[in-house]
Amino acid sequence: MSTANTPAAPQWSSRLGFILASAGSAIGLGAIWKFPFWAGANGGAAFIIPFIVFTMTVGLVLVAAEIALGRRGRGSTVSAMRRVGGRAWGLMGAFSVLTSFLILSYYAVVGGWCAAYLANAVTGDVVSNDPAALRAQFADLVSTDWKNLFWFAVFLLLTAATAALGVERGIERLAKYLMPTLFVLMVVLIVRGLMLPGAWAGVEYLFDFRWESVTAASIRDAMGFTFFSLSLGAGVLVTYGTYVPKSTSIPKASFWVAVLSIEAALLSGLMTMPAAFAFGLSPDAGPGLVFITVPMIFERIPAGGLFAVLFYVCLLVAALTSSVSLLEVVVAFLKNEWHFSRRAATVTSGALLFVLGSISALSFGSWSGFTLFGRSIFDCLDFICSNVMMPAGGLAVALLMGWKVWETTCTELSTPSGPGPAALELARVLLAYLSPILILATVYQGVFF
Ligand code: PHE
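How each quantity is defined
- Residues numbered from 1 in each chain as written.
- Predicted model: local features only at pLDDT ≥ 70, side-chain atom pairs only at ≥ 80, totals over all residues.
- Heavy atoms only, no water.
- Phe/Tyr/Trp six-rings, centres within 6.5 Å; stacked < 30°, edge-to-face > 60°.
- Helix = DSSP H or I, 4+ residues; strand = E, 2+ residues; numbered from the N terminus.
- Buried < 20%, exposed > 50% of the residue type's maximum accessible area, 1.4 Å probe, protein only.
- Lys NZ or Arg CZ within 6 Å of the ring centre and 35° of its normal.
- Salt bridge = Lys/Arg side-chain N within 4 Å of Asp/Glu carboxyl O.
- Core = buried A, V, L, I, M, F, W, Y, C linked by side-chain atoms within 4.5 Å.
- Contact = heavy atoms within 4.5 Å.
- Near = heavy atom within 4 Å.
- Polar contact = N/O pair within 3.5 Å; in protein donor to acceptor, adjacent residues only side chain to side chain.
- Areas by Shrake-Rupley, 256 points an atom, 1.4 Å probe, with all protein chains shown as cover.
- Nonpolar A, V, L, I, M, F, W, Y, C, P; charged D, E, K, R; others polar.
- pLDDT = per-residue confidence, 0-100.

Participant: Can you explain the packing of aromatic side chains? Please cite residues and give values.
Facilitator: Tallied over the full model, the rule gives 31 aromatic pairs. Seen from their ring centres, Phe 35 and Phe 47 are 6.1 Å apart, and the 45 degrees between their planes marks the pair as tilted. On the criterion of sequence distance, the pair formed by Phe 35 in helix α2 (residues 29–41) and Phe 47 in helix α3 (residues 45–73) is long-range, its members being 12 residues apart. A residue is classified by how much of its surface remains accessible, and Phe 35, at 0% relative accessible area, is buried. For Phe 47, a relative accessible area of 0% translates into the label buried. Judged by centre distance (5.5 Å) and plane angle (40 degrees), the ring pair of Tyr 205 and Phe 277 falls under tilted. Here Phe 277 lies in helix α12 (residues 250–278) and Tyr 205 lies in helix α9 (residues 200–207), a separation of 72 residues in the sequence. Positioned above the aromatic ring of Trp 38 is the side chain of Lys 34, whose terminal nitrogen or guanidinium carbon lies 4.4 Å from the ring centre. Lying over the aromatic face of Phe 383, Arg 375 brings its terminal NZ or CZ to 3.9 Å of the ring centre.

What follows is the structure, encoded as structure tokens:
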């Protein structure tokens, strides 16, 4: 860990290391697992176009604002907000710690599925030609309480162990090698998937724009997904920003995070949807979509069994780099505000997460009959986090960095090579005006409809 600049705070060892770690946080189950079935359920392009537009506008400036806030404020997301904005803003920081905690509780359930599929791949149990068998395999995993709980616990332990190793060693090294590998594997799966008879219908489904699919709910969900996929409004980028050296260009880093997360989502859509159509699965098959379709492509690739193992290793690591970033928010909070040691903070939050996350895990099994607002507990948590809590956290950052301390934001965003005054003006409009309006509309739609 290089501590040359400020001895008190650990820093990323390189600029690339920071970009990779932030992209590692952004790219995870959101892009690979959630995007295909949300896009499927919301009519394809009617969801994808607003997602891309939101990411490259509001999302991009919020990413930059969060990193700037962290770098200026230091400490945890709470102390950063307090130092930059004043006492009351610290409370919003605490709210994002809660958001991260809640997200991680159910994120780790899906992470557990990735671990389970890796185990299946190792034993040769995942490569199959039979959609019904694959559907049954997924249903068995999620609805058998002990299996779901076991793999959820495994994933949580992996997350805690990674976080306990500290910033650089734990996170940076993992992201550096396996993310590019995952991209390559996805391209191979896409190419093979597109060669299947009937696959192009999936591409058309994804990219054909149908006006009738555009609804207030699809746009709201695209906004919620933008927050989720960029890791916004949960204190993650603020916390990571606290480790960023002064010499790093925040706009450049933010741009790469946004572009890479769109790319990962589109690759995953292209990997999943054509295969789903080719094998006669419905595009809105729900959370099992990616787990059920991808194995059928492995079946058609030479050395598919080996390929499957490599794929699930990468998927698991992509999920881990995101879950570690969520845990890091909680750990940084406990360390800085409540003076826990890193180890005690990791163990305590891990134990609490196990209790809370078990409820989400069980909501696929013996508690599946229990619903809140017409959704299972898992879906309900995901909806509240993505469509209400993360946007609310983003709103606080937009108001703080776009209004209260805009001068400071400009200083943090500026480097000798840019951005110029016009670009900063545009960023101001996006951050101070457009983000609050869109966020309020999203939260309103989410809460009242
Ligand atoms: N962006 C991550 C993903 O897409 C999830 C995440 C959300 C991570 C919020 C951190 C904070 O998988």
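Let's pick the thread back up.
Participant: Give a description of the pattern of salt bridges that names residues and reports values.
Facilitator: One pass over the structure, following the stated rule, counts 8 salt bridges. Taking the shortest distance from any N to any O, the salt bridge between Arg 72 and Glu 412 comes out at 2.9 Å. With a gap of 340 residues between them, Arg 72 in helix α3 and Glu 412 in helix α17 (residues 406–413) connect regions that are remote in the sequence. For Arg 72, a relative accessible area of 37% translates into the label partly exposed. For Glu 412, the salt bridge identified is with Lys 246, shortest N-O distance 3.3 Å. Placement of Glu 412 in helix α17 and of Lys 246 in the loop between α11 (236–241) and α12 is noted, with a sequence separation of 166 residues between them.

Participant: So what about the nonpolar core? Which residues, and what values?
Facilitator: Ranked by internal contacts, the top residues of the largest apolar core, which has 149 residues, are Trp 113, Phe 311, Tyr 312 and Met 401. Contact partners of Trp 113, with chain neighbours within four places excluded, come to Trp 33, Phe 138, Leu 141, Val 142, Asn 148, Pro 287, Phe 291 and Phe 364.

Participant: How would you summarise the environment of Phe 54 if you had to cite specific residues and measurements?
Facilitator: By the element assignment, Phe 54 lies in helix α3. Residues Phe 54 and Phe 155, 101 residues apart in the sequence, show an inter-C-alpha distance of 31 Å. With residues up to four places along the chain from it excluded, the contact list for Phe 54 reads Gly 59, Ile 219, Ala 222, Met 223, Thr 226 and Leu 438.

Participant: Residues and numbers for the site of the ligand, please.
Facilitator: Close to the ligand lie 16 residues; Ala 26, Gly 30, Tyr 107, Phe 228 and Ser 231 are nearest. Between the ligand and Ser 25 there is a distance of 3.2 Å, counted from a nitrogen atom to a backbone nitrogen or oxygen. For the ligand, an oxygen atom lies 3.1 Å from a polar atom in the backbone of Leu 29. For the ligand, whose unbound accessible area comes to 320 Å², protein coverage reaches 100%. Secondary structure elements with two or more residues in the shell around the ligand: α1 (15–26), α2, α5 (87–122), α10 (216–229) and α14 (304–338). Of the residues belonging to the shell around the ligand, the class tally is 9 nonpolar, 7 polar and no charged.

Participant: Account for the confidence of the model for the protein chain, with residues named and values stated.
Facilitator: Overall, the prediction assigns the protein chain a mean pLDDT of 90, with 95% of residues at 70 or greater. Here α1 is the element of the protein chain with the lowest mean pLDDT, 79, and α3 is the one with the highest, 96. Below pLDDT 50 for its whole length, residues 1–8 participates in 14 contacts with residues either more than four positions away or in separate chains.

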